[in-house]
Every structure is written in C-alpha cells, then in structure tokens.
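In case you want the letters, here they are:
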Amino acid sequence: MASYPIFSLIILALSSLLPSLSISISPCDFPAIFNFGDSNSDTGGLSAAFGPAPPPNGETFFGMPAGRYSDGRLIIDFIGGVFKDLLPTEDYFSRALYTFDIGQNDLTSGYFDNMTTEEVKAYVPDVLNKFTIVVKNIYGQGGRFFWIHNTGPFGCLPYVLDRLLLTAAQVDRVGCGAPFNEVAKLFNVKLKKTVNQLRKDLPLAVFTYVDVYSVKYELISQANKHGFEHPLVTCCGHGGKYNYNAHLGCGGKITVNNTEILVGKSCEDPSKRTCWDGVHYTEAANKWVFDQIVEGAFSDPPIPLRMACKKQQ
C-alpha cells in the first residue's frame, strides 16, 4: 500500500442527478467533479498505472471490469450520477465540485511497515499538511467547492484483520480491530480541525465535511438490520476466516495440471455483502452509504450534496 493516497482525477457530469434533487432554493450547477482519493473512490487511475482490475470486478453493474475495485459502482459514481467522460473547459475548474476520500492508505501503510500505533499517530499531522497543500493548490487554480469524506473504520476490513495481529482485548463487540479504528477516529478529528482552518484561510471556498466513518461503522455493526450479512467476510476472495488471502485475491487463479483455475471467486449475492475484496466495499454498500450522506445528515455544515456550493452564513 502506498504511504500517501493515490490521487485519481474523475470528471463526471451531474446532469442526470440534479433534476431529481429539486428543492425550493436553486441547487448547485456543478458541470464536473474532480475527485482526489484512494482506491475507494478511484474509477480507473490505479488500473491504468498498475494493470487493470481483473474479473469478477465490475460484474454487478458494468458486466465487466471497469477500473473500479468493486463489483460495481463507487460512492463517487453515485455522486456523479452518470458515467460519461467529459473534457473540461477552463471555466469548469472554478465551478466544479472537488471531492476528497482519503486516509485509509495513509494509516494502514504505517501498520504494514511494522509501525506501532503511536508511530502511526505521530505522522498524521504530516499527512494533513500535505492535504492542506493540495487543497490550497486547487484553490489557487480557481477551485472553490470542496466535499470532503473522512476515513472509514479500516479496523473492520478483512485485509487489516487478516494481516495485523490483535489480542482478544483489542477486538470490539463487532469483531473489528479497536486500535485501528481509534486511529481512524483520531485522524478524522484532526481532519475536521484542518477543514475548519482551511475555511479561515480560504474565505471564498465552501467546504463540506462528511462523516462517512459513522455511516460505514453503522452499516458493519448493524449489517443484518440493514439487509446485509457477514460484514467482516470478503465477498470476492479465497480462504481463511475472512475469505481473504493477501497473495491470492479477488480474481486470483492457480494452475493445476497446466490449467488455470479461478479461485478468487465472487460470492453468490454481492448485494447482501458489505465488503467486496477485503479492502473495498461492494456496490450495494457504496449505494447504502451514499443514501445516508446525500441529504446532509452526516455533513458539517448539514447541507445536502445539491447545495454544496452554498456558503453558510
């Protein structure tokens, strides 16, 4: 895993989304979205750089791999509403929505490099300093509207639970790694403070901070209530307690008698599962999270997506 987020550029039209979100005040007319984030919100950058995501990625929505590490669409896809590439004109940059979904790679990379929890906590300010630099650079280029997701409960993800040792006392009632989620929450507290400072430093910008951590933990901890099952078990994977193997993941094959056999298979019904490949979420989980955040219930300030260009007084 990279030490810092993989920045992916996604340009999505909102024309089909906005008409369905009519309210009395005129909604924002974002002509494009520019997304910066790790593979939870990457629609093709990782595949372009390191090789395409193999089947069965994309099976639920696209019918084939589509650059996403999921069976279908990501939260950013639902935010965009349509999946048509656009070549932006210069004026798009000042009218676009800039979305960020970061933190997971930054934090897990430290653990995978054998750092202690205290050592991971110690470099969080450096990560957020780099985030601030990126946002200010975008602002300097004319960007004004920012929709920022905090990081999710990565201590509930199979690739973390499988690879990092925990004592019984460090596992919460759901089965998640409590120390890892505590670091995620610390990161989010500091991220929110960073966003508040950016509001002061960049007075013409509009920032919306979105608490996806709470939404994702609710989904995982109350999976059955929300129509899901086996929240800590990978849908597309192979072997072990979490159906996850770091060396033989989703789409992984082995050779037997000179014949390739797919062992990293998809589960029977991804629509009932939250975790796709041990690292990323299923389309169904992404849609559920989107439905919770789109109207602003987990946002600061509490405004819906369609009003993310409106500065609060």
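For the protein, an unreviewed UniProt entry supplies the name GDSL esterase/lipase ACHE-like isoform X2 and the organism Phoenix dactylifera. Under the UniProt heading Sequence similarities (unreviewed entry), the note attached to the protein is "Belongs to the 'GDSL' lipolytic enzyme family."

Caption draft 1: Structural detail: the state of the cysteines. Counting across every chain of the model gives four disulfides. Paired by a disulfide, C235 and C267 hold their sulfur atoms 2.1 Å apart. On the sign convention where negative means left-handed, the S-S torsion of about -90° between C235 and C267 marks this disulfide as left-handed. Of the two residues, C235 sits in the loop between α9 (212-221) and β5 (253-256) while C267 sits in the loop between β6 (259-262) and α10 (283-293), which places them 32 residues apart along the sequence. In this structure, C235 and C267 share a single accessibility class: buried. Going through the protein in sequence order and numbering each bonded cysteine, the pairs you get are 1-8, 2-3, 4-7, 5-6. Unpaired in terms of disulfides, C275 finds its nearest cysteine sulfur in C235, a separation of 8.7 Å. Using a relative accessible area of 2% as the deciding quantity, one classes C275 as buried.

Caption draft 2: Representation of the pairing of strand β2 (residues 97-101) in the model. For β2, a buried count of five out of five residues is recorded, marking the element as mostly surrounded by other parts of the structure. Alternating positions in β2 separate into two faces, L97, T99 and D101 on one and Y98 and F100 on the other, with burial throughout. As defined by bridge partners, strand β1 (residues 33-37) adjoins β2 across five bridges and the pair is classed as parallel. In the strand pairing of β2, F36 is matched with F100. Sheet topology places β2 next to strand β3 (residues 145-149); five bridges connect them, and they run parallel. Its bridge partner being in β3, Y98 is matched across the sheet by F146.

Caption draft 3: Seen up close, the packing of aromatic side chains. The tally for this structure, following the rule as stated, stands at 15 aromatic pairs. Plain terms: the ring middles of F34 and Y98 are 5.3 Å apart, the flat faces sit at 20° to each other, and that makes the pair stacked. One end of the pair, F34, is in strand β1; the other, Y98, is in strand β2, and 64 residues separate them in sequence. Judged by relative accessible area, which is 3%, F34 ranks as buried. Relative accessible area serves as the criterion here: at 5%, Y98 is assigned to the buried category. Summarising the aromatic geometry, the rings of F100 and F131 are spaced 5.3 Å apart at their centres and angled 85° between planes, so their arrangement reads as edge-to-face. A residue pair is termed long-range when its members are at least 10 positions apart, and F100 in strand β2 and F131 in helix α6 (residues 124-140) qualify at 31 residues.

Caption draft 4: Representation of a nonpolar patch on the surface. Residues I254, V256 and I261 make up a contiguous nonpolar surface patch of roughly 200 Å² in combined accessible area. Considering the arrangement of structural elements, one finds I254 in strand β5.

Caption draft 5: Molecular detail of the packing of α9 against α10. Packing of α9 against α10 brings their axes to within 10 Å, and their N-to-C directions diverge by 130°. It follows from the interaxial angle that α9 and α10 lie oblique. Read as a crossing pair, α9 and α10 show a hand that is right-handed. Contacts between α9 and α10 involve V212, V215, K216, E218 and L219 from the former and A285, W288, V289, Q292 and I293 from the latter. Here the contact of α9 with α10 is composed, by residue class, of seven nonpolar, one polar and two charged.

Caption draft 6: The arrangement of the nonpolar core in detail. Counting 77 residues, the largest nonpolar core has F100, F146 and F207 as its most contacted members. Setting aside residues up to four positions removed in sequence, F207 forms contacts with V135, F146, I148, V195, L198, R199, L202, D300 and P301. Grouped together as the second largest cluster of nonpolar side chains are five residues, C235, C236, C250 and C267 included.

Caption draft 7: Region of the structure containing the pairing of β1. Burial analysis of β1 places five of its five residues in the buried class, which makes it a mostly covered element. Burial along β1 is two-sided: I33, N35 and G37 and F34 and F36, pointing in opposite directions, are all buried.

Caption draft 8: Here's a closer look at unusual backbone geometry. Of note, the bond from P55 into P56 is cis; its omega dihedral lies within 30 degrees of zero at 5°. Relative to the assigned elements, P56 resides in the loop between α1 (45-50) and α2 (75-80). Backbone torsion omega between D300 and P301 reads -5°, so that peptide bond is classified as cis. Mapped onto the secondary structure, P301 falls in the segment after β7 (299-300). Phi at N257 takes a positive value of approximately 55°, unusual for a residue other than glycine. With respect to the helices and strands, the residue N257 is situated in the loop between β5 and β6.

Basis of the calculations
- All residue numbers refer to positions counted from 1 along the written sequence of the respective chain.
- It should be noted that, the model being predicted, local features are given only for residues of pLDDT at least 70 and side-chain atom pairs only at 80 or more, the latter also being counted only at that level, while totals for whole chains, interfaces and linings use all residues.
- Each side-chain value is worked out from all heavy atoms of the structure, with water and hydrogens disregarded.
- UniProt positions are given in the numbering used here, feature names are shortened, and annotations may be inferred rather than shown by experiment.
- Defined by distance alone, a disulfide is two cysteine sulfur atoms within 2.5 Å.
- A run of H or I in DSSP becomes a helix once it reaches four residues, and a run of E becomes a strand once it reaches two; helices and strands are each numbered from the N terminus.
- Partly exposed describes any residue whose relative accessible area lies between the buried limit of under 20% and the exposed limit of over 50%, with all areas from a 1.4 Å probe on protein chains only and scaled to the type maximum.
- Here the rule is simple: two strands pair whenever DSSP picks up at least two bridges between them.
- Stacked, edge-to-face and tilted are the three classes for Phe, Tyr and Trp ring pairs, Trp counted by its six-membered ring, which pair at centre distances within 6.5 Å; planes under 30 degrees apart are stacked, over 60 edge-to-face, the rest tilted.
- Candidates for patches are residues over 30% relative accessible area with no salt bridge; among them, like charges are joined within 9 Å and nonpolar side chains (Val, Leu, Ile, Met, Phe, Trp, Tyr) within 5 Å.
- Only the protein chains shown count as cover for residues, and all accessible areas are computed by the Shrake-Rupley method using a 1.4 Å probe.
- For this document, the term salt bridge refers to a Lys or Arg side-chain nitrogen within 4 Å of an Asp or Glu carboxyl oxygen.
- Only the contacting stretch of a helix is used when fitting its axis, a line to C-alpha atoms as for every element, and angles between N-to-C directions run 0 to 180 degrees.
- The labels follow the angle: roughly parallel below 35 degrees, roughly antiparallel above 145, roughly perpendicular from 65 to 115, and oblique for the rest.
- Handedness of a crossing follows from how the near helix is turned relative to the far one, being left-handed for an anticlockwise turn of less than a right angle and right-handed for a clockwise one.
- Here, two residues are considered to be in contact whenever any of their heavy atoms come within 4.5 Å of each other.
- Polar here means any residue outside two lists: the nonpolar Ala, Val, Leu, Ile, Met, Phe, Trp, Tyr, Cys and Pro, and the charged Asp, Glu, Lys and Arg; Gly therefore counts as polar.
- Joining through side-chain atoms within 4.5 Å is the link that ties buried Ala, Val, Leu, Ile, Met, Phe, Trp, Tyr and Cys residues into a set, and such a set is a nonpolar core.

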